[in-house]
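Secondary and tertiary structure notes
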Amino acid sequence: MTDIRLVRKMSRRRRKLSLYEYERFMVNIPRDYHEKVREWSGRDLKMSVESFDKGFLVMAYTEDKYIDGWNLQRTFEDFVRNKLGSKS
């Protein structure tokens with residue numbers, strides 16, 4: 001288990017007379033996991049987030065969310081609800 005930090009960044013852009021603000025959240029991937037995530041770098045990914053009592057889980061997957069007939073997003077959501085007590 002590795003500790004990580006969730007980083008929140010506020011961005012402000014001025015366009016003509018309007019000011020646009022938006023926030024982004026970022027997670028740095030620890031060095032131990034670089035080999036596991038490198039192949040996904042630069043690819044468009046979908047994500048699913050499930051919240052539960054002691055934190056949250058994030059799953060990132062490609063457009064093809066079916067593997068061996070399993071719907072990854074649905075399986076992930078069911079797992080979180082049934083095993084971890086999801087709040088969503």
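To keep things clear, this report deals only with the structure shown in the data block.

What counts and how
Residues numbered from 1 in each chain as written. Predicted model: local features only at pLDDT ≥ 70, side-chain atom pairs only at ≥ 80, totals over all residues. Heavy atoms only, no water. Pairing = 2+ DSSP bridges. Helix = DSSP H or I, 4+ residues; strand = E, 2+ residues; numbered from the N terminus. Salt bridge = Lys/Arg side-chain N within 4 Å of Asp/Glu carboxyl O. Contact = heavy atoms within 4.5 Å.

A few points about the pairing of strand E4 (residues 55–61)
- For strand E3 (residues 46–52) and E4, the ladder comprises seven bridges, and the chain directions are antiparallel. Directly across from Met47, in E4, lies its bridge partner Ala60.
- Adjacent in sequence and paired antiparallel, E3 and E4 are bridged by two residues.

Section: the pattern of salt bridges
- Tallying each qualifying case throughout the model produces three salt bridges.
- Glu21 is paired through a salt bridge with Arg12; the nearest N and O atoms lie 2.9 Å apart.
- A salt bridge links Glu35 to Arg38; the nearest nitrogen and oxygen atoms lie 2.4 Å apart.

Digging into the side chain of Ser11
- Looking at the element boundaries, Ser11 is found in strand E1 (residues 6–15).
- Discounting chain neighbours no more than four positions away, the residues touching Ser11 are Tyr20, Glu21, Tyr22 and Arg24.

Geometric values such as these leave the question of function open.
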